[in-house]
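# Commentary on secondary and tertiary structure
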Amino acid sequence: MAIRNIREIGDPVLGKTCKEVKEITPRIQELINDMFDTLYEAEGVGLAAPQVGILKRIVVIDTTGDSPIVLINPKVLETSGEQTGYEGCLSVPGKTGQVTRANYVKALAYDENLEPFEIEGTELLARAILHEVDHLEGHLYVEKVEGPLQDVENAEEE
């Protein structure tokens, strides 16, 4: 297990579409483990494989610090409602911005055994799933920001 370098805005890999995972190899399992290590070290909520330079459809999320979720080849099936709030990204360090996303999401994904499962989330989990799936399509949250990006310190004071 290792901490991987997080690619930052401007890195061309973050603008590319990721490829589907067809089998779980030891390298894919190592990538997933490294992604969790990297996520926890950076004190993030979610991390997508392109953020560590790998163009695979893999996402790790942990909104509570003790409920790790692995989503392989996730597809959003349904969304509803709306929430607007500050969003940040490990690939856009020190910045935040207002983003409106669905308040509910239902997605189909595969686990580490490539077994399909559905996941539903609201509020922070819904935001995290949608944010990370965007990464797999080569999109950063800054494309959706309403108004200017702000420094994280300034946004917390408002």
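Structure: see above.
Summary of the structure given here.

Procedures and definitions
- Residues numbered from 1 in each chain as written.
- Predicted model: local features only at pLDDT ≥ 70, side-chain atom pairs only at ≥ 80, totals over all residues.
- Heavy atoms only, no water.
- Pairing = 2+ DSSP bridges.
- Helix = DSSP H or I, 4+ residues; strand = E, 2+ residues; numbered from the N terminus.
- Contact = heavy atoms within 4.5 Å.
- Axes fitted to C-alpha atoms, helices over the stretch in contact; angles between N-to-C directions.
- Salt bridge = Lys/Arg side-chain N within 4 Å of Asp/Glu carboxyl O.
- Buried < 20%, exposed > 50% of the residue type's maximum accessible area, 1.4 Å probe, protein only.
- Disulfide = S-S within 2.5 Å.

### Structural notes on the sheet that holds strand E8 (residues 150–151)
- One open sheet holds the three strands; their spatial order is E4-E5-E8, and the pairing between them is antiparallel. Only two strands of the sheet have a single neighbouring strand rather than two, namely strand E4 (83–89) and E8.
- As paired elements, E4 and strand E5 (residues 92–101) share six bridges and run antiparallel to each other. Residue Glu 87 lies in a different strand from E5, and its bridge partner there is Gly 97.
- The sheet contacts of helix H2 (residues 123–136) involve E4 and E5, and relative to E4 the element is tilted by about 55°.

### Here we look at the pattern of salt bridges
- In the structure shown here, the tally under the stated rule is nine salt bridges.
- The closest approach of N and O atoms between Asp 151 and Lys 95, which form a salt bridge, is 2.5 Å. Here Lys 95 lies in strand E5 and Asp 151 lies in strand E8, a separation of 56 residues in the sequence.
- In this structure Lys 95 comes out as partly exposed when scored by relative accessible area, which is 33%.
- Taken together, the salt bridges that share partners define one network made up of Glu 87, Arg 101, Arg 127, Asp 134 and Lys 144.

### Brief notes about the state of the cysteines
- In total, this model carries zero disulfides according to the counting rule given.
- This cysteine, Cys 18, is not joined by any disulfide, and Cys 89 carries the nearest cysteine sulfur, 13 Å off.
- Given a relative accessible area of 7%, Cys 18 falls into the buried group.
- For Cys 89, a relative accessible area of 10% gives the class buried.

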